[in-house]
Each structure stands twice: as C-alpha cells, then as structure tokens.
Amino acid sequence: MDKNYQPKEIEPRWQNAWETQETFKVSEADDRPKYYILEMFPYPSGRIHMGHVRVYAIGDVIARFKRMRGHRVLHPMGWDAFGLPAENAAIKRKIPPADWTNQNISDMRTQMKALGLSFDWEREVRTCSPDYYRWNQWLFIKMFERGLAYRKEATVNWCPSCVTVLANEQVVEGLCWRCDSLVTQKALKQWFFRITDYAEELLSSCAQLTGWPERVLVMQKNWIGKSEGLEVDFKWAEGEETLKIFTTRPDTLFGVTFMSIAAEHPLVQKLIMGRKEARAVNAFIQKYRDQDLTVQTVLNQEKEGVFTGAYAVHPLTGAKIPIWVANFVLMGYGTGIVMAVPAHDQRDFEFAQKYNLPIKLVIQNEAQSLSLPLDTAYTETTGTLVDSDTFSGLAPKAAQTAISERLEAENLGKRKIQYRLRDWGISRQRYWGTPIPILYCEHCGILPVPEGDLPVTLPEVATFGEGGNPLLKNQDFLNTNCPKCQGPATRETDTMDTFVDSSWYFLRYTSPHEGKLPVDPKRAEEWMAVDQYVGGIEHAVLHLLYARFFTKVMRDIGLTTVDEPFMNLLTQGMVIKDGAKMSKSKGNVVDPHHLIETYGADTARLFSLFAAPPEKDLEWSDEGVQGSFRFLQRVWRLVVEYAENKPEPSTSSDIDFSEASDRVKDLRRLTHQSIQKVTSDIEHGHQFNTAIAALMSFYNGLSKDIADGSATKDEAIQYAAALSEAVQKLVILLSPFAPHLAESLWEVLGHSSSIMNMDWPDFDPAVVLEETVEVVIQINGKVRNRFQAAAGTPDALLQERALSDSKIISWLGDQTIRKVFVIKGKLVNIVV
C-alpha cells in the first residue's frame, strides 16, 4: 500500500462503490428508528461554490453519524429549478430555460457526487419538472376552493429590471433582493395566498420550535407582528366617512393633535376635493407614488407630509383634528390612517416639530418632571394620565382598559388583534415558473383548471429573448375552452412565486414518485417532521415562514399530520475571504473544483468543518486548507505503517486490562476519551470544529505512543489489543468527516465490508475516568483527613489541596507551618 495519500485515486473509487452498492438508499421496510436530515436544496446555477461545500458537508456528517448510530437515514437532494436567473440566462443566450437548467443540474450533480455526499439520489426532485409542479397547481386549487387563494388589485412592489412583482419580503432597503434594482410601485391584479388566516398559529406554534435558533424565532415573530389594541372611529368633520385607526396606546387618545393618512388611501381624494390644498397634496402623492413602500424603508427615510385642509372629529372631546398625508403611513399596514400623539410617540414628535404642529402632554412620569416644551417624546407606560378628562390620575395600563371600555360602550371603537403579516402575493409576470391553474370565462367568471387537466405545462418557446412574458403571446397556451360552459376562455399567464416550489419539497421527498397526490400521507407520517434542517440565516423570514404555512395547509387538507416541518434548525454562517462574502464581483471566489482537484474532497470537507463553528462565518485560509490536507496525510501514513507492522492481537474485548501497565491504560483512556468527545460534539450542538480538534489530539497522542517504541514482553498482548482498538476507532471517528480516506484505511486494516456498515463506537466510562488514589493528610505524623486525587497528580497540587482542606485549616489554627512534604503521591505530611 502506497504510504502517500493519493485522494485523486481513492475518491472516485469509493464514490462509484457507494453508487453501485446503493449504500445510501433508504427503505421504509427498514425497522430502525428514522432520522430525516435535510439541507436546503440549491438553485442550479451550474457550479457549486464554497457555501455549498460547507452546508452539504455539515449535513453529510450528521447523516453518516446518525446512520452509524443505528438510524435509517433519509438524506435526499433536489433542485430549486424555477426562477429568474434561468430565464435571464435564456434571454441572453436565446435558448429555452429548460435546456440551460437541465444542463446545470447535470453539472452540479456530478460536482456534488465528487464531494462524496451520502444522498439518496433515487429521491431526487426538480421543481421545473411537470411531475413536480403539477402538485403546486393541485395545491393552489385546493387553496382556492378553501378561500385561501384569491385575486385582487393591489399596489405591488415592481422590479423594472426583472419585469415582475416582488413580495414585501423580497425588497431589501428599497432594492430588488435578486438584482439590486430600485423597486417601484405599481397597481396590478394579483393572486394571493391568505397566509394571514394562519397568523395566530404561525406565531403561537413558535413555542414548539425549541430546536431553532432564538434569533430566527425572533425574526419570525417580528414579521408576523401581533398587536393587541383598539380600533377607534374618528368622524370626518365635513362628511359621512369615518377614519378608522388602530392603536396599541389608547391611554394616549387625549393627546391626539393631528391625523396621518397614507398617500395611496382612497379617502384622500375625497378629503381634498375642491380645496386649495389639493394641488400640493397631489404633487406630494406623485412624488412618493413610485417609491418603495416597505416597512424597513419607511422607517429609515425622512418623515414628510402635507396638510389636506380637512379635519377629523375627536371621538371623546369633539375637537377638530387636522388630517395630514404622511410618507411614513402605509396603506397595506393597519388601516392606512394613524392618530398622531407627538408627546408620546417619537416619530410623531419629530413630524410635529418639523411642521410646527401642537404637542399635548397627557402622561406625566413618576417623578412629575415633564413639562412643555419637551426635548423628546415620553414613550414609557409608567406614570399617570393628565389632562385626560375623567381618566386623569389613572396609570397608563389601567387607562388603556378604561378608555377601551368607554369607546366600546359608546360604539366609537372596539378592541382588536392585528398582525403585521400581509397576505402572500404569488403572481409573477415571467415565463419560467409554475403556471397558475386558473381560467377566465366571460360567462362563468374565474374558474380553476379541472384536476384531470393538470398539469398545465409551460409551452416550448421557439424564440426566447424578445422581452416580456412570452406566455402572453402564445395563443396555443392562452386560448382554451371553459370547462363549465364549453365557451372560449383564456388562461392565467402569471406564474407562481418560486418560493411556492420550496414551501413543500421536503414533503415530496418522502414519496417522490407518488402519482395520485402531492405526497403519500402514510409516507409523510412515517418520515415527517424533518429531524434536522440546515440552511442559511437569510431564509429566516422568506422560505422558513412559507414552509411552515404550507405544512399547516397540507395538514388541514389531510396530507400530513405534523404541525411544523422542521424540528431542529441549524443556520450556517457564510464563507468569506479577505473580509467579505465570496462573490464574482469582488474577485474573491474560490472554486471548489480546483480545491478538490488539488487536495481532494475530504480535505475540502474537513477544512470547511474545522475552520469555524457551523453557525459562524468561515474565513477562507489557504494555510488552513493545507493544514487539513497534511493532517489527513499523517493519518494515512500512520494507519498504513501500522497495518504493515502490526502484531496479531486478540480483540480488546477478550483482554483483561485490569492489571494492564500504565502505558496501556493511558492509550485506552486516550481512545475512549476521544470517542466521548467526538460523539458529544457531533450529537450535542454540532460542534464539528472541536470534534475535529479532538481527532487531531487523538492522532497526536497515538502517534507519540507509537514513537515511544515497542511494548515490553509483559505488556505485549495487552498493548497490541489497545493499539488495534485505538487505530480502528480513529478511522471510524474520522469517517463522517473524511469518508473516502476512512473507507480506504478501513480496507487497509483488513476489513472487507464498508465502514458505513460499522456501528459508531461507545466509550467505556470506567476507562474514561482517570485512576484515582486516596491521599492521606497527616499533621506531625497523625492522620487528620483523607481525599481522592487522580493518580500522578503533581506534588505541588496535592500540597495545595491538603492545605486548603477545611478540617486541616481548623486543626492548624494559629500554628506555624514549618514544612510540608509528599510521599509517593499518597501522603501529605504537615510539620508544625
């Protein structure tokens, strides 16, 4: 056997063996406990990057470890294959997106196999396949029948570069999440999923997600944004209309000095009709019409507004309240109208100061130190109400209840729960996505495509690249017959948001070839929920929220029994180089193919797992890669040399080690402590970096022991057994991280079966514990106490332990210690 580690020779061999022997194919007939490990499936861009290497190496270690721990492991892979990049690439190259996508899938599958990932490829799905997206359409129809899918005209986020609508979650600081173009506003008829029907359950069931990072749960809870408050009616002073507002602070109602209304609110034009202020208001509306109106942007921009000339009537005081159009009020959140209390809301305070609007103090702090003019808004809920009619003197919390009760009694308001979460707009004006299965008939109205006609497939487009959605120009696709009256009908040409594809793919993996339903409920019950999900923190709101929503809908349809899709979530950090995330634009990309060609897949895997804890960003280091390669070289050489020169030992289970030499005991202790450490680090917290560090320490200790020379004649049999145990356990413990090397070394050690068929080793607690001895403490030769210490503890530590013993301190009192000495590590004598 070559003593030089040659990954280019051994890795393809084992990849072929695993595929030929179907090593990672999982069967439902297997009666071992199930374990479902899943990494977020990739978009088929054509090349894997170091982020892929890291996330899939993490998942693969878990999969291999759990398989060796006695589980039947479901570890599937697929492709999130629809989306704008493929369509844009097709436009650029003037080829069908399917051709580009399928070639990329083929290339990336080859690259993934070169990493030695233990996927069950027979369960592979690709979302651009009609066999998959027909079930997107089926689920859409079921949601349509339940009132969970509906169409309405809405002002939407529009990306002029991508020529499509974006969900609020896809707008980042006013820019398109995909191409960084400035997002504008546009009124369109759109299809929506009524995710708000599940808002309360999505929020409350966060309590079930004990295996999720807290920051992800906080992001989800904040996005859902539950608020308990009061809806209050302010009458328009000059008309019949009512201005409804929602507030979580009814205790500040007497401090309202103006109203703010969204520029796009339909009531604005009525308010300004015939007024001199109309021209300025319309100019203001035009200024903000095309701007991004997401919450994040609105909170960050400068607050501006314009007076409408109209007034509302305060429901309790009858005072006339001026109505302003303001750029910080969103039509899509709350009622689109806000009561402004500048003394007790910082945003209102800044707006009032800018436009010289009145500020009225209605809550005094506990120190009674507030007075006008204020330097800043007092926003605390402590103190007492002032200048608030009969409610003055109440604490704010008590006043909230009392004022709410009065308004409800007088039919001027009602208590209400409100959510920040908006319904999910899924319409996209592009070709490369799932066609929405809806028909439009002049006589019968809006109808779903009959289930028997699914899938509605994307037509092949002969000339791709003329701009816009080619479905609008494809008459064969567009024109059809109404299934109800048989008259002419047209198809919906919008396609679904690609986040629909990834919202249930994890369920499809449980029965990927099921032909009658999206998922076989029996298989879903058998495998769901996913035991461990691995993916980026960037999906905390988008994908993870939608996946939770879809799981609950599919549960209610009867396709699954679980409430939540993912029991545990690991969000890995980014791979960065030169202080920045790897990207082509920054010129700091490292090609995994080059890394594998130079050092091998096991080195790529080991470095990506060792360089940082999985949840932290990984800083690229050429030295770190080389160090990982050198470690694997050393392990290879140690095992090969051992195999060439090893004695024929009995198995360690046949040996009585009770009277073993210290050298044998130390070697066994190193082995079992390493098993304990590596097992714990993988199983509890996925601390792969410290597990690898423990393997390196194991190798160093083992290598040093071998270098110390042959065993004595008396300890030869025991030492041979302990050494054999150590070498074999080192290879097994390394196998999830460097599987190709481990398989080869396992063969070198004389085993004919794959190392993946081995059970993960258990450590022996009795061996792990260091041998202890009883230490006697004497004062002037008389025994005064005893304690236990590890054998071989240095004399200085034994002296320190003896002198700090409470009984010894009591015995010594004020006496002067003349001398302390230790005899053979078992007796401490104190002379006074």
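Remember, predicted model here, so these are calculated numbers, not experimental data.

(A) Here's a closer look at the overall build of the protein chain. Counting its secondary structure elements, the protein chain contains 26 helices and 34 strands. Seen through its principal axes, the protein chain has C-alpha atoms that stretch 110 × 85 × 50 Å. The burial tally for the protein chain puts 55% of its 832 residues in the buried class. For the protein chain, the share of sequence-separated contacts (at least 6 apart) that also reach a separation of at least 24 residues comes to 73%.

(B) Representation of the sheet that holds strand β5 (residues 149-159) in the model. Read from one edge of the open sheet, four strands run β6-β5-β9-β19, paired in antiparallel fashion. The open sheet terminates on both sides in strands that have one partner only, identified here as β6 (164-166) and β19 (424-425). Examined bridge by bridge, β5 and β6 share three bridges and lie antiparallel to one another. When the bridges of β6 are listed, Asn-157 appears paired with Leu-166.

(C) Main features of the packing of helix α18 (residues 601-610) against helix α19 (residues 622-645). Orientation of α18 relative to α19, taken along the N-to-C sense of each, is 120°, at an axis distance of 9 Å. On the basis of their axis angle, the class for α18 and α19 is oblique. Viewed along their axes, α18 and α19 form a crossing whose handedness is right-handed. In this structure, α18 uses Asp-602, Thr-603, Leu-606 and Phe-607 to contact α19, whose residues at the interface are Gly-624, Val-625, Ser-628, Phe-629, Phe-631 and Leu-632.

(D) Here's a closer look at the packing of aromatic side chains. The tally for this structure, following the rule as stated, stands at 40 aromatic pairs. With a centroid separation of 5.4 Å and an interplanar angle of 80°, the aromatic rings of Phe-328 and Phe-351 are classed as edge-to-face. Remark: Phe-351 occurs in helix α11 (residues 346-355) and Phe-328 occurs in the loop between β14 (320-326) and β15 (337-340); sequence separation between them is 23 residues. Judged by relative accessible area, Phe-351 falls into the buried class, the value being 0%. Here Tyr-505 and Phe-506 contribute two aromatic rings whose centre-to-centre distance is 5.8 Å and whose plane-to-plane angle is 70°, an arrangement assigned as edge-to-face. Residue Tyr-505 is classed as buried on the basis of its relative accessible area, which comes to 0%. Lying over the aromatic face of Phe-192, Lys-152 brings its terminal NZ or CZ to 5.0 Å of the ring centre.

(E) Region of interest: the side chain of Gln-418. By the secondary structure assignment, Gln-418 is in strand β18 (residues 413-419). Excluding its chain neighbours within four sequence positions, the residues that come into contact with Gln-418 are Gly-225, Lys-226, Ser-227, Phe-246 and Gly-334.

(F) Fine view of α11. Restricting attention to buried positions, one finds in α11 the residues Asp-348, Phe-349, Phe-351 and Ala-352. In a view along the axis of α11, the buried residues occupy a sector of 165°, so they form one face of it. Taken together, the buried residues of α11 touch β12 (258-261), β13 (305-313), β14 and β15. At the exit of α11 stands Asn-356, carrying a positive phi of roughly 55°.

(G) Here's a closer look at the environment of Phe-24. Inspection of the secondary structure assignment puts Phe-24 in the loop between α1 (7-20) and β1 (34-39). On the basis of relative accessibility, which here comes to 6%, the residue Phe-24 falls in the buried class. With near-sequence residues (within four places) excluded, Phe-24 lies in contact with Trp-18, Arg-64, Arg-67, Ser-118, Phe-119, Asp-120 and Met-756.

(H) Representation of the sheet that holds strand β32 (residues 782-790) in the model. Spatial ordering of the open sheet is given by β32-β31-β34-β33, a layout of four strands whose pairing is mixed. For this open sheet the edge positions go to β32 and β33 (819-823), each flanked by a neighbour on one side alone. Along the sheet, successive strands turn relative to each other by an average axial angle of 20°, direction set aside. In this sheet, strand β34 (residues 827-831) lies alongside β33 in antiparallel orientation, the contact comprising five bridges. Bridging across to β34, Phe-821 finds its partner in Asn-829.

(I) Here's a closer look at the packing of helix α22 (residues 716-734) against helix α23 (residues 739-748). In contact at an axis separation of 8 Å, α22 and α23 are set at 155° when each is read in the N-to-C sense. By the criterion of interaxial angle, the relationship of α22 to α23 is roughly antiparallel. In this structure, the crossing between α22 and α23 has a hand that is left-handed. Across the interface between the two elements, Gln-728, Val-731, Ile-732 and Leu-734 of α22 pack against Leu-741, Ala-742, Leu-745 and Trp-746 of α23. The class makeup of the residues in the contact of α22 with α23 is seven nonpolar, one polar and no charged.

(J) Main features of the nonpolar core. Judged by nonpolar contacts, the single largest core of 179 residues is most densely connected at Phe-193, Trp-424, Phe-506, Phe-550 and Phe-737. Here Phe-506 is in contact with Tyr-36, Leu-38, Met-528, Val-530, Ala-547, Thr-551, Pro-565 and Phe-566, once residues within four sequence places are set aside.

(K) Inspection of the pattern of salt bridges at higher detail. Throughout the structure, instances matching the rule amount to 45 salt bridges. Close ionic contact of Asp-563 with Arg-555 constitutes a salt bridge, the shortest N to O distance being 2.8 Å. Look at Arg-555 and you get buried, because its relative accessible area is 18%. Several salt bridges converge on common partners, so that one network encompasses Glu-201, Arg-548, Lys-552, Arg-555, Asp-556, Asp-563 and Glu-564.

(L) Main features of unusual backbone geometry. The amide bond that connects Leu-454 to the next residue, Pro-455, takes the cis arrangement and shows omega of 5°. Position of Pro-455 among the secondary structure elements: in the loop between β22 (445-448) and α13 (475-478). Here the amide bond leading from Met-528 into Ala-529 is cis, since omega sits at 0°, within 30 degrees of zero. Tracing the sequence through the fold places Ala-529 in the loop between α15 (521-527) and β26 (532-536). A positive phi angle, close to 60°, is found at Asp-389, a residue other than glycine. For Asp-389, the position within the fold is in the loop between β17 (384-385) and α12 (396-409).

(M) Representation of the side chain of Gln-718 within the structure. Position of Gln-718 among the secondary structure elements: in helix α22. Not counting residues up to four positions away in its chain, the partners in contact with Gln-718 are Ile-655, Asp-656, Phe-657, Glu-659, Ala-660, Ser-661 and Val-664.

Criteria and cut-off values
- Residues numbered from 1 in each chain as written.
- Predicted model: local features only at pLDDT ≥ 70, side-chain atom pairs only at ≥ 80, totals over all residues.
- Heavy atoms only, no water.
- Helix = DSSP H or I, 4+ residues; strand = E, 2+ residues; numbered from the N terminus.
- Buried < 20%, exposed > 50% of the residue type's maximum accessible area, 1.4 Å probe, protein only.
- Contact = heavy atoms within 4.5 Å.
- Pairing = 2+ DSSP bridges.
- Axes fitted to C-alpha atoms, helices over the stretch in contact; angles between N-to-C directions.
- Parallel < 35°, antiparallel > 145°, perpendicular 65-115°, else oblique.
- Left-handed = near helix turned anticlockwise from the far one by under 90°.
- Phe/Tyr/Trp six-rings, centres within 6.5 Å; stacked < 30°, edge-to-face > 60°.
- Lys NZ or Arg CZ within 6 Å of the ring centre and 35° of its normal.
- Arc of directions from axis to C-beta.
- Nonpolar A, V, L, I, M, F, W, Y, C, P; charged D, E, K, R; others polar.
- Core = buried A, V, L, I, M, F, W, Y, C linked by side-chain atoms within 4.5 Å.
- Salt bridge = Lys/Arg side-chain N within 4 Å of Asp/Glu carboxyl O.

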